[in-house]
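# A closer look at the structure
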Amino acid sequence: MATEKNKSGENHAVKSGVLGTNLEHAKEHNLRAVIDAVRRHGELTRAEITRTTALSVQTISNLVAELEQRGLLIAGEPQKAKRGQPARPYRLNSQGGFSVGIQMDHQFALTILVNLAGEEIAKIQQEVSRPSPEEGVEILAKLVDQVIETAGIEKERVFGVGVAIPGPFDVSGPTGVGPGWVNFPLEDKLSTRLALPVIVENDANAAAIAERLHGAGKRFDNFVYVFIGMGLGAGLFLNGQVYHGARGAAGEIGHILVETGGKQCECGNSGCFERYVSLRAAYEALGEGDTDHSSPEHLENLLEQQDPIFMSWLKKAAEKLRVGILALESSFDPEVIFIGGLLPPKIAEALLDEMMPLLPSVATQLKPLEQRVLLGVSAPSAPAHGAASVPIFYEFNAELYSQSKASMK
């Protein structure tokens, strides 16, 4: 979402989405503004697009015609109007382009291909064992080629490849992919190998982008997506943009201290958030290691059986998460907080239920919210679907990607 400068020089959110500009050299920006408007509203007539983007009638007419020709917009049946000629609504053509998403950790690599609507077209999964970066590039490149071939899609119709890996990228540990990945130029290496644009995001940001594009997140410009995986992280959407931070480590909430003198963490501190709220914390409570758990589905069986050890972990995790939610609300004042990640949906729902009632929040007392916490997409394949959303999001918000990358240099 764009921002404007008010008279005092401060930024404030523009609720209508990306605004266009009538400067002739800004055509690509305006095309993205039209796409963003239609995506957020589902379908719009040319008159509605004009009002939403603040562009001229003639500019919108030209842009819509070009997007139709490119196969990105589809015109619906004319709608009856009270006055004048019936107007045609336009919607995104789900088959107008495709994107590949990759989810990779130290145990497996999952590759999916989706269309513009985020619908899964093809999927391929392969087991790995802490691959080196060079091995990882070859594995991922072959999986991308295979999933595109399986889908029967011309490579030229693929916007790009998104890769979701546990973050932060410069910390290689038990939650990482493997040794040697620190500072490895994965984007450049994989892009050169595939001859496609590649964008690497941490799994929490990728999931947040998917929520923004295809889930309930499209209704909000400011939200936090809490990603519960082997570790714990958060994707931050501030004024419609993904916030990465100065070093790309924004949202590393897993290493916020929530218990003085608590459990030892690999980061060197004790009592970190993710030592209590994560799949690894659940496995540890059960006396299990995470080596054999590329999928957490067996935890769902424990929930159904009301296993006392698992239910004890769930209760303690909810207590810590309740405190974490309050901290996030006080820090960022979001419109809503999503809870999602690798947890099976039933466990995510049970965790949310156990968190209620939430602790009183100063932020929400200023302006009560309809719902402070919502369930986001929660599934073992959530990072892959999130990763597939990343190239689509930045394809139509290229300036946001450039700004974000520049801010981390």
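Turning our eyes to something else, we now look at the pairing of strand 14 (residues 336-341). Among the six residues of strand 14, six are classified as buried, and the element is accordingly described as predominantly covered. Burial of strand 14 is two-sided: the residues Val336, Phe338 and Gly340 facing one way and the residues Ile337, Ile339 and Gly341 facing the other way are all buried. Bridge analysis of strand 11 (residues 223-228) against strand 14 gives six bridges, and the strand direction is parallel. From the neighbouring strand, Val224 faces strand 14, where its bridge partner is Ile337. As defined by bridge partners, strand 14 adjoins strand 15 (residues 373-378) across four bridges and the pair is classed as parallel. Paired with Gly341 across the two strands is Ser378, which belongs to strand 15.

Right, let's talk about helix 6 (residues 203-214) for a bit. One full turn of an α-helix is made of 3.6 residues, so residues set three or four places apart face in the same direction. For helix 6, which comprises twelve residues, the first-to-last C-alpha distance of 16 Å matches the rise-based estimate of 16 Å (1.5 Å per residue) to within 8%. Buried residues dominate helix 6, accounting for eleven of its twelve residues. Three or more residues of helix 6 are buried, namely Asp203, Ala204, Asn205, Ala206, Ala207, Ala208, Ile209, Ala210, Glu211, Arg212 and Leu213. You can read the cap of helix 6 off the contacts: a side-chain oxygen lies 3.1 Å from the backbone nitrogen of Ala204, and it is on Asn202.

Further remarks concern the confidence of the model for the protein. Per-residue confidence for the protein gives a mean pLDDT of 83, with 84% of residues at or over 70. Note that pLDDT drops below 50 for residues 1-16; the model gives that stretch 35 contacts with residues more than four away or on any other chain. Across residues 170-175, confidence stays below pLDDT 50; counting only partners more than four residues off in sequence or on other chains, it has 14 contacts.

Tracing the backbone shows Gly254 in the loop between strand 13 (241-242) and helix 7 (279-285). For the pair Gly254 and Gly324, spaced 70 residues apart in sequence, the C-alpha separation works out to 9.8 Å. Those residues in contact with Gly254, other than ones at most four positions away along the chain, are Leu232, Cys272, Phe273 and Glu274.

Here the focus is the pattern of salt bridges. For the structure on display, the rule yields twelve salt bridges. Among the salt bridges present, the one from Arg157 reaches Glu154, with a minimum N-O distance of 3.8 Å. For Glu154, a relative accessible area of 44% translates into the label partly exposed. A salt bridge links Glu259 to Lys320, with the shortest nitrogen-to-oxygen separation between them at 2.7 Å. Separated by 61 residues along the polypeptide, Glu259 in the loop between strand 13 and helix 7 and Lys320 in helix 9 (residues 308-332) bring together distant segments of the chain. With relative accessibility at 18%, the residue Lys320 sits in the buried group.

This part takes up the side chain of Ser361. The residue Ser361 is located in the loop between helix 10 (345-355) and helix 11 (362-366) in this model. With a relative accessible area of 1%, Ser361 lands in the buried category. A distance of 3.1 Å separates the side chain of Ser361 from the side chain of Glu329, its partner in a polar contact. Sequence-distant contacts of Ser361, defined by excluding residues within four places in its chain, comprise Leu326, Glu329 and Arg372.

Parameters and conventions
- Residues numbered from 1 in each chain as written.
- Predicted model: local features only at pLDDT ≥ 70, side-chain atom pairs only at ≥ 80, totals over all residues.
- Heavy atoms only, no water.
- Buried < 20%, exposed > 50% of the residue type's maximum accessible area, 1.4 Å probe, protein only.
- Helix = DSSP H or I, 4+ residues; strand = E, 2+ residues; numbered from the N terminus.
- Pairing = 2+ DSSP bridges.
- Expected span 1.5 Å × (residues − 1).
- Polar contact = N/O pair within 3.5 Å; in protein donor to acceptor, adjacent residues only side chain to side chain.
- pLDDT = per-residue confidence, 0-100.
- Contact = heavy atoms within 4.5 Å.
- Salt bridge = Lys/Arg side-chain N within 4 Å of Asp/Glu carboxyl O.

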